[in-house]
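Here is what each chain is made of, one letter per residue.
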Amino acid sequence: MGSERGVSGIAKVQHVVIVGGGTAGWMTAAALAHAFRGSPGRRITLIESSEIGTVGVGEATLPTIRAFNASLGIDEVDFIRKTQATFKLGIEFVDWHRKGGRFFHPFAPYGMKVQGASFHHAWLRMRAAGDSTSIAEYSLPSVMAAGLRFAQPAAKPSVPFANFAYAYHFDATLYARYLREYALAIPGVSRSDACVIDVRLRPDDGFIDGLLLDNGEYVSGDLFVDASGFRGILIERALVTGYDDWTHWLPCDRAVAMPSERGESPAPYTRATAREAGWQWRIPLQHREGNGYVYCSRYIDDDEAVASLRGALAGAAMAEPNFLRFTTGRRRKFWSRNCVAIGLASGFIEPLESTSIALIQSAIAKLLAFFPERGFSAIETDEANRVMREEYERIRDFIILHYKATARDDTALWRDCRAMPIPETLERKMALFQRRGHVVAYAEESFEEASWVTMFAGFGLLPEQYDARVERMDIQALARDLASIRVAIREAADMAPLHESFIARHCQAAA
Ligand SMILES: Cc1cc2nc3c(=O)[nH]c(=O)nc-3n(C[C@H](O)[C@H](O)[C@H](O)COP(=O)(O)OP(=O)(O)OC[C@H]3O[C@@H](n4cnc5c(N)ncnc54)[C@H](O)[C@@H]3O)c2cc1C
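Observations concerning the nonpolar core
Argument step 1. Membership of the largest hydrophobic core comes to 141 residues, with the highest contact counts inside it found for V16, W96, L179 and Y403.
Argument step 2. Listed in part, the 19 residues of the second largest apolar core include A194, V199, I235 and A341.

Have a look at this one:
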C-alpha cells in the first residue's frame with residue numbers, strides 16, 4: 001500500500017485535493033482518510049474558504065448516516081452530544097394531500113408478510129371490507145413518533161414489525177466540525193483556509209493540473225474532489241460538465257432558513273408542512289429548532305416567504321434569515337476526468353425527504369469502490385456515473401410524487417403541480433400501484449416498498465384490488481391477526497420512553 005505503484009505497476013493516486021469544507025467536503029475527507037490509514041505516501045489536502053462559508057443547512061438525515069458514522073468508528077453518544085443531535089424516526093407530512101390532513105413516513109416496513117404478500121395487501125383487503133384503520137397503526141416507529149417516544153430497535157427483533165431504522169437531526173456546522181477534527185487527527189490530512197481563484201487544466205488531456213489560491217499558493221494533485229457547493233467551481237466552471245435542469249417537475253427554486261428557540265419536547269421526527277407556494281421544514285435539535293421555507297419564486301417573493309416563515313415559527317427567531325437559491329437537477333456526470341463532484345456541486349433535489357447527505361454518502365462509496373489509479377479508467381468512471389445518475393432519478397421521481405399526488409387546489413402552485421406531466425418511470429409506478437397495489441422497484445432505488453406505500457396511502461391513491469394470495473384468506477382470521485399486531489405495537493410503543501427523556505438519560509449535549 002505504501003509504494004508509489006500498485007501491483008500492476010500503475011502509478012497510484014497519492015494526493016487527493018478536496019475543495020470545500022461543508023458537510024460534503026469533510027465527510028469525504030474523513031472517509032478517505034480512514035480508508036487510507038496505513039498508506040504512508042497518500043495525502044489529502046482540503047481547501048475551504050471561511051470568507052465564503054458553507055450553505056449552513058442540511059440537518060435532517062436518513063438512517064444510512066448511521067452506517068457512515070459506524071464505518072469511521074465514531075461513537076454514537078459522543079457524536080450526538082457534540083452535534084446537538086436528536087433522533088429521527090421519520091417525517092410527518094402535514095397538509096400535503098389536503099389542508100388539515102397528515103401522515104407519517106417511517107423508516108420501516110409495515111406489519112409483516114401475509115401469505116407471502118407484502119403487508120399493505122392485507123391492509124387493503126380490510127379496507128375494502130370497510131375497515132378504516134390507518135396503515136400507520138401497523139408501524140411501531142409511527143406509533144412511537146405520534147406519542148413523542150423513542151427507543152432504539154433491538155439488535156435482533158423477535159417480531160418483524162419491531163424491525164425499524166432511525167436517523168438523526170444534527171447541527172450541520174457542528175457535524176462538519178466533528179468530522180474535521182476526526183480527519184485532521186489522521187496523519188497525511190491537511191487543511192488550508194484560502195479561496196481557489198483559478199483552476200488550471202493540463203493542455204494535453206484537459207484533466208485538472210492544479211489550483212491557484214488567493215494566498216499565491218499553487219496546489220497540484222492527482223485526484224480532485226469538488227465539494228464547493230452550488231458553485232461547482234471544478235466540475236462546472238472549469239470542466240463544463242453540464243447540468244440537467246429538473247425545475248419543470250420540481251419548481252421550487254429558493255429557500256429561506258431561520259433557526260428558532262426550542263419548543264416544548266423535541267419531536268423524534270422532521271415535520272414537512274405544505275404551504276401556499278412550497279413547504280416548510282421543522283427540525284428539532286437539542287439546543288434549537290431548524291426551520292425553513294422551500295418555495296417557488298414564480299408564486300411568492302422573498303419578503304412574503306420570510307414573513308410567512310416567521311409567522312409559522314413555534315419559538316422566537318434566533319438569527320437573521322438565510323436566503324438560498326438553487327436549480328433542482330443533477331450534474332450530467334458527477335465524475336469527470338480526474339474530478340469527482342460530491343454534495344451540492346453534484347446536483348440538488350429539494351430536502352423534502354432528506355436525501356442530500358445520503359447522496360453524499362453514496363458518492364463517497366462510489367469513489368472508494370472505483371478508486372482510480374493515476375491513469376484513470378473511463379469504463380469505471382462511466383459505470384460510477386451511470387449508477388449515480390439512476391440514483392438521482394429514482395429520488396427525483398419519489399419527490400415529484402409528493403407534488404403530483406396532491407388534491408389541493410387552493411393556490412396556483414398546487415394546481416399547476418397536479419396538472420404537470422411527470423416522468424414515464426413515475427407514471428408507470430403510480431399506474432401499477434393503482435392497478436393492484438404493486439410497487440415496482442427499479443434499479444438503484446433509495447426508497448423501499450414501504451416508503452412508496454406510505455406516499456400512495458398518504459395521498460389517497462389506493463387501489464380497490466390487492467394480491468390474490470390475501471384474497472384467499474378468511475377475513476375474520478385476518479381481522480384478528482391484524483388486531484393483534486396493532487395491540488402488540490401499541491404496547492411496545494407505550495413502553496418506550498419519551499424522546500426527551502431518552503436523550504436526557506443517554507446522550508444530552510453539554511449546555
Ligand atoms: C434549503 C436547503 C435545505 C437542506 N436541507 C437538507 C436536509 O435536511 N438534509 C440533507 O440531507 N440535506 C439538506 N440539504 C443539502 C445539504 O445542505 C448539503 O447537501 C450539505 O450541506 C452539503 O453541502 P456542501 O458541502 O456540498 O456545500 P457547502 O456547505 O455550500 O460547502 C461548500 C464549501 O466550499 C467552499 N468553497 C466554495 N467556493 C470556494 C472557493 N472558490 N475556494 C475555496 N473554497 C470554496 C465553501 O467555503 C464551503 O466550505 C439542504 C440544502 C438546502 C439548500
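Some words on the pattern of salt bridges
Argument step 1. The final tally for this structure, using the stated rule, is 30 salt bridges.
Argument step 2. The residue E48 makes a salt bridge to R180 at a minimum N-O spacing of 3.9 Å. Linking E48 in strand β2 (residues 43–48) with R180 in helix α6 (residues 172–184), this pair joins segments that are 132 residues apart in sequence.
Argument step 3. Classification of E48 as buried rests on a relative accessible area of 11%.
Argument step 4. Note that E391 and K366 form a salt bridge whose closest N and O atoms lie 2.8 Å from each other. Taken together, the positions of E391 in helix α10 (residues 378–404) and K366 in helix α9 (residues 356–369) put the pair 25 residues apart, joining distant regions of the chain.
Argument step 5. With a relative accessible area of 10%, K366 lands in the buried category.

A short note on the site of the ligand
Argument step 1. Lining the immediate environment of the ligand, one finds 35 residues, of which G21, A60, V196, L344 and I357 sit closest.
Argument step 2. The contact in question runs from an oxygen atom of the ligand to an N or O atom on the backbone of I357, over 2.8 Å.
Argument step 3. With the chains in place, 97% of the 1,000 Å² that the ligand exposes on its own is no longer accessible.
Argument step 4. Counting residues per element, the ones that place at least two in the shell around the ligand are α1 (23–36) and α9.
Argument step 5. Per-element tally for the shell around the ligand: the top contributor is α9, with 3 residues.
Argument step 6. Of the residues contributing to the shell around the ligand, the split by class is 19 nonpolar, 13 polar and 3 charged.

Looking at the sheet that holds strand β14 (residues 270–275)
Argument step 1. Spatially, the 7 strands line up as an open sheet ordered β5-β4-β14-β15-β16-β13-β17, and their pairing is mixed. The open sheet has two edge strands, β5 (102–106) and β17 (322–325), and neither has a second partner. Between one strand and the next, the sheet's axes are offset by a mean angle of 20°, whatever the strand orientation.
Argument step 2. Sheet analysis places β14 next to strand β15 (residues 278–284), joined by 5 bridges and oriented antiparallel.

Points about the packing of α9 against α10
In a packed pair of helices, the relevant descriptors are the angle between the two axes and the axis-to-axis distance.
Argument step 1. For the pair α9 and α10, the least separation of the axes is 10 Å and the interaxial angle reads 165°. Classified by the angle their axes make, α9 and α10 are roughly antiparallel. Every pair of crossing elements has a handedness; the one defined by α9 and α10 is right-handed. Along the contact surface, α9 presents L359, S362, A363 and K366, while α10 presents A384, V387, M388, E391, Y392 and I395.
Argument step 2. Residues of the contact of α9 with α10, tallied by class, amount to 7 nonpolar, 1 polar and 2 charged.

A word on the side chain of T425
Argument step 1. With respect to the element layout, T425 can be found in helix α12 (residues 424–436).
Argument step 2. According to the relative accessible area criterion, T425 is buried, its value standing at 19%.
Argument step 3. Residues contacting T425, with those up to four places away along its chain left out, are R394, R396, D397 and Y442.

Some details on α9
Argument step 1. Taking 1.5 Å as the rise per residue, α9 with 14 residues should run 20 Å; its terminal C-alpha atoms sit 20 Å apart, in good agreement.
Argument step 2. Burial runs high along α9: 10 of the 14 residues are buried.
Argument step 3. Those residues of α9 that are buried lie in contact with α1, α2 (64–71), β11 (223–226), β19 (335–336), β20 (339–341) and α10.

Points about the packing of aromatic side chains
Describing an aromatic ring pair means giving the distance of the ring centres and the angle of the ring planes.
Argument step 1. Applying the stated rule across the entire model yields 32 aromatic pairs.
Argument step 2. With a centroid separation of 6.1 Å and 85° between ring planes, the pair formed by F79 and F170 is classed as edge-to-face. Of this pair, F79 sits in helix α3 (residues 76–83) while F170 sits in the loop between β6 (167–169) and α6; the two residues are 91 residues apart in sequence, bridging distant segments of the chain. Accessibility classification places F79 together with F170 in one group, the buried group.

Some remarks on the pairing of β5
Argument step 1. Within β5, 4 of the 5 residues are buried, which leaves it mostly tucked inside the rest of the structure.
Argument step 2. Note that strand β4 (residues 90–94) and β5 share 5 bridges and pair antiparallel. When the bridges of β5 are listed, G90 appears paired with P106.

Points about the side chain of R125
Argument step 1. In this structure, R125 sits in helix α4 (residues 119–128).
Argument step 2. The buried charged residue R125 lacks any salt bridge, with E471 as its nearest oppositely charged partner at 4.7 Å.
Argument step 3. Apart from the residues lying within four places of it in its own chain, the contact partners of R125 are Y466, V470, E471, M473, I475 and L478.

Overview of the sheet that holds strand β8 (residues 196–201)
Argument step 1. Spatial ordering of the open sheet is given by β8-β9-β10, a layout of 3 strands whose pairing is antiparallel. Lying at the two open borders of the sheet, with one neighbouring strand each, are β8 and β10 (218–220). Along the sheet, successive strands turn relative to each other by an average axial angle of 25°, direction set aside.
Argument step 2. Summarising the sheet, β8 and strand β9 (residues 208–213) pair through 5 bridges and their orientation is antiparallel. Within β9, the position partnered with V199 by the bridge is L211.

Analysis parameters
- Residues numbered from 1 in each chain as written.
- Predicted model: local features only at pLDDT ≥ 70, side-chain atom pairs only at ≥ 80, totals over all residues.
- Heavy atoms only, no water.
- Core = buried A, V, L, I, M, F, W, Y, C linked by side-chain atoms within 4.5 Å.
- Buried < 20%, exposed > 50% of the residue type's maximum accessible area, 1.4 Å probe, protein only.
- Salt bridge = Lys/Arg side-chain N within 4 Å of Asp/Glu carboxyl O.
- Helix = DSSP H or I, 4+ residues; strand = E, 2+ residues; numbered from the N terminus.
- Near = heavy atom within 4 Å.
- Polar contact = N/O pair within 3.5 Å; in protein donor to acceptor, adjacent residues only side chain to side chain.
- Areas by Shrake-Rupley, 256 points an atom, 1.4 Å probe, with all protein chains shown as cover.
- Nonpolar A, V, L, I, M, F, W, Y, C, P; charged D, E, K, R; others polar.
- Pairing = 2+ DSSP bridges.
- Axes fitted to C-alpha atoms, helices over the stretch in contact; angles between N-to-C directions.
- Parallel < 35°, antiparallel > 145°, perpendicular 65-115°, else oblique.
- Left-handed = near helix turned anticlockwise from the far one by under 90°.
- Contact = heavy atoms within 4.5 Å.
- Expected span 1.5 Å × (residues − 1).
- Phe/Tyr/Trp six-rings, centres within 6.5 Å; stacked < 30°, edge-to-face > 60°.
- Lys, Arg positive; Asp, Glu negative; His and termini not counted.

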